[in-house]
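So you can see what is in the structure, the chains are spelled out below.
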Amino acid sequence: MNRNSKLTVVGAGAVGSSVAYAAMIRGSARHIALYDIAAEKTEAEVLDLAHGSQFTGGTDIVGSSDIEVARDSDIVVITAGAKQKPGQSRRELADTNARITRTLMEQLLSVAPEAVYVIVTNPCDPMAMVAQEFSGLPANQVFSSGTTLDTSRLRWLLADRADVSRTSVHAHIVGEHGDSEFALWSTASIGTVPILEWTRDGQKVFTRESLDALTDEVRGAAYKVIQGKGATNYAIGLSSARIVEAVLGAQNAVLNVAPVLSDFQGIDGVALSVPCIVGEDGAFPIRETPFSDDELTKLRDSAETLREVVDGLSAG
């Protein structure tokens, strides 16, 4: 880790605490700060993490309900926001969290204007658009965690069925982090073998129909976890820590995050997940990413889905 690197996690709920925990045990940053307006909850989470610091690397952790705790952060991961209430529409949730995001960005910019901002608060893509527009920061500096986790879910499923290491699976979920996301099957492979050509015991493992079913499983994964335990937190914590490492380590790693796109396959002004180079200056879309005609149609349809959500948000 960079010995002077600082990560601030905004929100001490299940997701924010999991981000801090994952970053701490992975050694993602030298200094971690946890910020939340709930002072007692924040103090308790920090104490619980700090008590185990003997068993991790050199990371230290502090927390506060004072925004000053975020001063001079190199990267800020925002998880704070309202949870979706029974009967509440996605747009209503987006409207509530957009107001929270604007307030947070105003406060954070006063103490960490040079930080890279990663938006995890759902719906994360519209919230990244709100944060980037409100802050006036360049698009590479403010982006959502996007489909980084969805891509991990897909690779896990493919590796399990193909009986190979997850690191040998090269497949991507792109588009909205939500119902209009889709897999780039035209370039998916295991090692150097196109996904549809992979065999076990002389038999092809995948068909187009089975791949489509896996995509549906990825889309529904969060709902299944939420139904069983009330929230998703461990995997998003780990995937967020991975993004943090790419930035703080200047790794130039390829990750599927969602900056606001500009003239990407004809798409402008929408935060949409595509393969990006993620490093010390943030996220930069890989413009050479190939799409089939069908995939390009799905990408543009996904962009319109997000645009409708953002266009429906109130201005205040």
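Calculation rules
Residues numbered from 1 in each chain as written. Predicted model: local features only at pLDDT ≥ 70, side-chain atom pairs only at ≥ 80, totals over all residues. Heavy atoms only, no water. Helix = DSSP H or I, 4+ residues; strand = E, 2+ residues; numbered from the N terminus. Buried < 20%, exposed > 50% of the residue type's maximum accessible area, 1.4 Å probe, protein only. Contact = heavy atoms within 4.5 Å. Areas by Shrake-Rupley, 256 points an atom, 1.4 Å probe, with all protein chains shown as cover. Salt bridge = Lys/Arg side-chain N within 4 Å of Asp/Glu carboxyl O. Polar contact = N/O pair within 3.5 Å; in protein donor to acceptor, adjacent residues only side chain to side chain. Core = buried A, V, L, I, M, F, W, Y, C linked by side-chain atoms within 4.5 Å. Pairing = 2+ DSSP bridges. Axes fitted to C-alpha atoms, helices over the stretch in contact; angles between N-to-C directions. Phe/Tyr/Trp six-rings, centres within 6.5 Å; stacked < 30°, edge-to-face > 60°. Parallel < 35°, antiparallel > 145°, perpendicular 65-115°, else oblique. Left-handed = near helix turned anticlockwise from the far one by under 90°. Nonpolar A, V, L, I, M, F, W, Y, C, P; charged D, E, K, R; others polar. Right-handed = clockwise from strand over helix to strand, strands pointing away.

**Q** Any chance you could explain the overall build of the protein chain here in plain terms?
**A** When helices and strands are tallied, the protein chain shows eight helices and 16 strands. When its C-alpha atoms are laid out on the principal axes, the protein chain stretches across 60 × 45 × 40 Å. Evaluated residue by residue, the protein chain yields a buried proportion of 49% over its 316 residues. A separation threshold of at least 6 residues defines the contact pool for the protein chain, and within that pool the share at least 24 residues apart is 69%. Accessible area for the protein chain stands at about 14,500 Å²; split by element, carbon and sulfur atoms hold 49% of it.

**Q** What's the story with the pattern of salt bridges in this structure? I'm lost.
**A** Side-chain pairs of opposite charge can arise where the charged atoms are in close proximity. For the coordinates displayed, the defined rule picks out 14 salt bridges. Between Arg-99 and Asp-95 there is a salt bridge, and its shortest N-O distance comes to 3.2 Å. Taken as a pair, Arg-99 and Asp-95 lie in helix α3 (residues 90-111) at a separation of four residues, close to a single helical turn. Given the relative accessible area of 39%, Arg-99 is considered partly exposed. Put simply, Asp-212 and Arg-208 hold a salt bridge, and the shortest N to O gap is 3.4 Å. Here the residue Asp-212 and the residue Arg-208 both occupy positions in helix α6 (residues 208-229), the gap between them amounting to four residues, near one helical turn. On the basis of relative accessible area, Asp-212 is assigned to the partly exposed category, the value being 32%. Within the structure, one salt-bridge network assembled from shared partners comprises Asp-160, Arg-161 and Glu-217.

**Q** I would appreciate a short explanation of the side chain of Thr-79 in the present structure.
**A** Turning to its location among the elements, Thr-79 is positioned in the loop between β4 (75-78) and α3. Owing to a relative accessible area of 15%, Thr-79 belongs among the buried residues under this scheme. Only 3.5 Å separates the side chain of Thr-79 from the backbone oxygen of Gly-11, close enough to count as a polar contact. Look past the residues within four positions of Thr-79 in its chain and what remains in contact with it is Val-9, Val-10, Gly-11, Val-15, Gly-16, Val-19, Val-120 and Thr-121.

**Q** Whenever I open this one, the nonpolar core confuses me. Can you help?
**A** Taken as a class, soluble globular proteins show a tendency for nonpolar side chains to be buried jointly. Grouped together as the largest cluster of nonpolar side chains are 80 residues, with contacts concentrated most on Leu-7, Ile-78, Leu-108, Tyr-117, Val-278 and Leu-299. Ranked by the residues each element gives to this core, the list is headed by helix α7 (residues 234-248), at seven residues. Counting 17 residues, the second-largest nonpolar core is a separate cluster that includes Leu-154, Ala-159, Ile-195 and Phe-206.

**Q** Help me understand the sheet that holds strand β2 (residues 31-35) in this model?
**A** Strand pairing in a sheet is mediated by backbone hydrogen bonds. Such pairs are either parallel or antiparallel. In spatial order, the strands read β3-β2-β1-β4-β5-β6-β14-β15-β16; together these nine strands make up an open sheet with mixed pairing. The open sheet terminates on both sides in strands that have one partner only, identified here as β3 (60-64) and β16 (282-285). Strand-to-strand twist of the sheet, defined as the mean angle between neighbouring strand axes without regard to direction, takes the value 35°. Of the strand pairs in this sheet, strand β6 (residues 142-144) and strand β14 (residues 253-259) are connected by two bridges, and their pairing is antiparallel.

**Q** Before we go on, may I ask you to explain the packing of aromatic side chains in this structure?
**A** Two descriptors summarise a pair of aromatic rings, namely the distance from one centre to the other and the angle between the planes of the rings. Within the structure shown, the criterion is met by one aromatic pair. Between Phe-264 and Phe-291, the ring centres sit 6.2 Å apart and the planes meet at 85°, which makes this aromatic pair edge-to-face. Placement of Phe-264 in the loop between β14 and β15 (274-279) and of Phe-291 in the loop between β16 and α8 (293-311) is noted, with a sequence separation of 27 residues between them. The two residues Phe-264 and Phe-291 agree in class, both being buried.

**Q** Teacher, can you tell me more about the packing of α3 against helix α4 (residues 124-135) here?
**A** When two helices pack together, you describe them by how their axes are tilted relative to each other and by the distance separating the axes. One way to put it is that α3 packs onto α4 with a least axis distance of 9 Å and a crossing angle of 40°. Taken together, the axis directions place α3 and α4 in an arrangement best described as oblique. For the pair α3 and α4, the sense of crossing is right-handed. Residues Ala-94, Asn-97, Ala-98, Thr-101, Arg-102, Met-105, Glu-106 and Leu-109 of α3 touch α4, and the partners they reach there are Met-127, Val-130, Ala-131, Phe-134 and Ser-135. Taken together, the residues of the contact of α3 with α4 break down into eight nonpolar, three polar and two charged.

**Q** How should I be thinking about the pairing of strand β1 (residues 6-10) in this particular structure?
**A** Burial runs high along β1: five of the five residues are buried. Across the two faces of β1 the burial is the same, with Lys-6, Thr-8 and Val-10 and Leu-7 and Val-9 all buried. Pairing geometry for β1 and β2, over five bridges, is parallel. Pairing of Lys-6 across the sheet is with His-31, part of β2. With respect to chirality, the unit in which β1 leads through helix α1 (residues 14-26) into the neighbouring parallel β2 is right-handed. Of the pairings in the sheet, the one linking β1 to β4 comprises four bridges and is parallel in character. Considered in β4, the bridge of Val-10 is made with Ile-78.

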